[in-house]
Amino acid sequence: MPSIMEKNRGERLILLYQNLPKGEKNAKTLSELLAIFNPIGEKAQSRAKLLEKDLISLYLLFGDNSICRIPTWSEGSIAGKTPKYYLHPNFTLDSYDNENLFFWEMLDKFTTNYLPKDIHNTLTTKIANVKNHQNLQYQISQLGQWKNHLFTIPSLLQAPKYDEHILKTIHQAIIDGRRVKINYLAKWANEPVTRWVYPRGLIFIDNMIYLTAFYKVEENISTPEKVYLDANRNYAIIRIQSVQILEEPIPSWVKDLSLEELSRKGMLETHLTQRGKPIKLKLKINHMAAQHLTERPLSNDQTLEKMDEKNLLLTATVMNTVRLEDWLISMSHMSEVIEPVKLREIIIDRLTDGLNQYDK
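These numbers come from a predicted model, not from an experiment.

A.B. asks: Run through the overall build of the protein chain, naming residues and quoting values.
C.D. replies: Helix and strand counts for the protein chain come out as 13 helices and 12 strands. Taking all 360 residues of the protein chain together, the buried fraction comes to 37%. Long-range contacts, defined as pairs at least 24 residues apart, comprise 63% of the intrachain contacts of the protein chain with a sequence gap of at least 6. By element, 53% of the accessible surface of the protein chain is carried by carbon and sulfur atoms, the whole surface being about 22,100 Å².

A.B. asks: Could you give me a rundown of the sheet that holds strand S3 (residues 84-87), with the residues and numbers involved?
C.D. replies: The strand order across the open sheet formed by three strands is S1-S3-S2, and the pairing between neighbours is antiparallel. At either end of the open sheet lies a strand with only one pairing partner, and these are strand S1 (28-29) and strand S2 (67-70). Where S2 lies against S3, four bridges are found, and the strand directions are antiparallel. Bridge assignment links Arg69 to a residue of S3, and that residue is Tyr85.

A.B. asks: For the packing of helix H12 (residues 322-330) against helix H13 (residues 341-359), give the residues involved together with the corresponding values.
C.D. replies: Any two packed helices are characterised by the angle at which their axes cross and by the distance between the axes. Running from N to C, H12 and H13 cross one another at 60 degrees; their axes reach a closest spacing of 10 Å. Considering their axes alone, H12 and H13 lie oblique with respect to each other. Along this stretch, H12 crosses H13, giving a crossing that reads as right-handed. Only Leu343, Ile346, Ile347, Arg350 and Leu351 of H13 make contact with H12, whose side of the interface consists of Leu324, Glu325, Asp326, Leu328 and Ile329. The class makeup of the residues in the contact of H12 with H13 is seven nonpolar, no polar and three charged.

A.B. asks: I'd like to hear about the packing of aromatic side chains, residue by residue, with values.
C.D. replies: Within the structure shown, the criterion is met by six aromatic pairs. Here the aromatic rings of Phe214 and Trp253 are separated by 5.4 Å at their centres, their planes lie at 85 degrees, and the arrangement is edge-to-face. Taken together, the residues span a long stretch of sequence, with Phe214 in strand S6 (residues 208-214) and Trp253 in helix H9 (residues 252-256) at a distance of 39 residues. Residue class for Phe214 comes out buried when judged on its relative accessible area of 0%. Between Tyr228 and Trp253, the aromatic rings sit 4.4 Å apart at their centres with planes inclined by 15 degrees, giving stacked as the arrangement. With Tyr228 in helix H8 (residues 225-230) and Trp253 in helix H9, the pair connects residues that are 25 residues apart, well separated along the chain. Each member of the pair Tyr228 and Trp253 is classed as buried.

A.B. asks: Quick rundown of the side chain of Glu261? Include the residues and the values.
C.D. replies: On the secondary structure map, Glu261 appears in helix H10 (residues 259-264). You can call Glu261 buried: its relative accessible area is 18%. In this view, Glu261 contacts Glu225 and Asp256; residues no more than four positions away in its chain are not counted.

A.B. asks: Please provide a residue-by-residue account of the pattern of salt bridges, values included.
C.D. replies: Where side chains of opposite charge bring their charged atoms close, a pairing between them can arise. Evaluated as defined, the whole model comprises 11 salt bridges. Lys216 is the salt-bridge partner of Glu248, the closest N and O atoms lying 3.4 Å from each other. Here Glu248, found in strand S8 (residues 240-249), pairs with Lys216, found in the loop between S6 and H8; they are 32 residues apart in sequence, far enough to count as distant. On the basis of relative accessible area, Glu248 is assigned to the partly exposed category, the value being 25%. In this structure, Lys306 and Glu309 form a salt bridge, with 3.5 Å as the shortest nitrogen-oxygen distance. When salt bridges with common partners are traced through the structure, they connect Arg179, Lys216 and Glu248 into a single cluster.

A.B. asks: Tell me about the packing of helix H2 (residues 30-37) against helix H3 (residues 44-62), and please be specific about residues and values.
C.D. replies: In contact at an axis separation of 10 Å, H2 and H3 are set at 105 degrees when each is read in the N-to-C sense. Classed by the angle they form, the pair H2 and H3 counts as roughly perpendicular. Residues Leu30, Leu33, Leu34 and Phe37 of H2 pack against Ala44, Arg47, Ala48, Leu51, Glu52 and Leu55 of H3.

A.B. asks: Can you explain the sheet that holds strand S11 (residues 311-319)? Please cite residues and give values.
C.D. replies: Note on sheets: strands pair through backbone hydrogen bonds, and any given pair is parallel or antiparallel. If you trace the four strands from one edge of the open sheet to the other, you get S10-S11-S9-S12, paired in antiparallel fashion. In the strand order of this sheet, the two ends are held by strand S10 (303-306) and strand S12 (335-339), each with one partner. Within the sheet, the average angular offset between the axes of one strand and its neighbour, ignoring direction, is 25 degrees. Sitting on the sheet, H13 touches strand S9 (278-286) and S12, and the angle it makes with S12 is about 145 degrees.

A.B. asks: Account for H3, with residues named and values stated.
C.D. replies: Taking 1.5 Å of rise per residue, the 19 residues of H3 would be expected to cover 27 Å, and the 27 Å separating its terminal C-alpha atoms lies within 8% of that figure. Buried within H3 we find Arg47, Ala48, Leu51, Asp54, Leu55, Leu58, Tyr59 and Phe62. For H3, the angular spread of buried residues about the axis comes to 135 degrees, placing them on one side. Exposed residues pointing more than 90 degrees away from the buried face of H3 are listed as Gln45, Lys49, Lys53 and Leu60. The first or second residue beyond H3 is Gly63, which carries a positive phi of 95 degrees.

A.B. asks: Give me the nonpolar core: which residues, what numbers.
C.D. replies: One finds Leu16, Leu20, Leu33, Phe37, Leu51, Leu55 and Ile67 to be the most contacted residues of the largest nonpolar core, which totals 22 residues. Breaking this core down by element, the ones donating at least two residues are helix H1 (9-19), H2, H3 and S3. For this core, the element with the most residues is H3, which contributes six residues. Counting residues in each nonpolar core, the second largest holds 18 residues, with Leu167, Ile170, Tyr184 and Met208 among its members.

Each value, and the rule that gives it
Residues numbered from 1 in each chain as written. Predicted model: local features only at pLDDT ≥ 70, side-chain atom pairs only at ≥ 80, totals over all residues. Heavy atoms only, no water. Helix = DSSP H or I, 4+ residues; strand = E, 2+ residues; numbered from the N terminus. Buried < 20%, exposed > 50% of the residue type's maximum accessible area, 1.4 Å probe, protein only. Contact = heavy atoms within 4.5 Å. Areas by Shrake-Rupley, 256 points an atom, 1.4 Å probe, with all protein chains shown as cover. Pairing = 2+ DSSP bridges. Axes fitted to C-alpha atoms, helices over the stretch in contact; angles between N-to-C directions. Parallel < 35°, antiparallel > 145°, perpendicular 65-115°, else oblique. Left-handed = near helix turned anticlockwise from the far one by under 90°. Nonpolar A, V, L, I, M, F, W, Y, C, P; charged D, E, K, R; others polar. Phe/Tyr/Trp six-rings, centres within 6.5 Å; stacked < 30°, edge-to-face > 60°. Salt bridge = Lys/Arg side-chain N within 4 Å of Asp/Glu carboxyl O. Expected span 1.5 Å × (residues − 1). Arc of directions from axis to C-beta. Core = buried A, V, L, I, M, F, W, Y, C linked by side-chain atoms within 4.5 Å.

Right, dumping it as structure tokens:
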């Protein structure tokens, strides 16, 4: 191999990435790498230092699962040791084509005002690292120019600040399939309670993150699904004060209940009536407001029928969630709940309470 140590820095880093040995068993010392990348042996001492700096630069650019060292980078000082270097076998830059990078940039745009800042910053950093590798090629492409013409309006309420250690621990428990012990301070509670649960996944509602998990139940072949679903609970991550991973593995019945299935069964949101039981909503709605619902219907079976010159009757099968109730309140100046009667009464009570705030 011709010497690459005399190349300019950008070209040199790419050549190093392309020619580093892959996998721990092929790891090589700095001297062994220098013999490969500087075969003539010129300026050996200065180029050894340059090679070490280049390896550190590649590591800082692409992270822990890219350029690996023995001892690991996290161990700090390597005084008195002879480190070895290798490329992680699963790491590649080639998979980041323009379409993939465009997807990640759009995700970045969408989550700018949506995800907690620490999580979003991690995403932004990873995108920047990839762009450093293929910046020019991407920027001149049609997809690369789209980011300058897109913007996401932030949520009215800012995302809360999350404890990074708690998030990482929960994530690890989910990946490892382990039960967790959490201390949870429920909304409006004075003292936290301890819960032992099987974590299933993380749920995003608006800009809040929830852990959906299950209590322990007796498992046997005749246990009805309802027993398992009744053991499901959702915990706001912001209210989890501590979390500990336990040795007990998550049982198969928890793994069998996918997040998609839990969502279809109405388990992932706070409900005002029995979870998993949809309601038939009938809403008298101003024809101007109804136009909005022709573009964004409440359900697949939504229908709109003329009631009079100003109003339509909307009928839709929906889950009776808190978000539905809040939406109905926001539309109350242009609509009236007809059925269910219980939901109508709740809306009337909330509107009355609101008016009372202004009458004081």
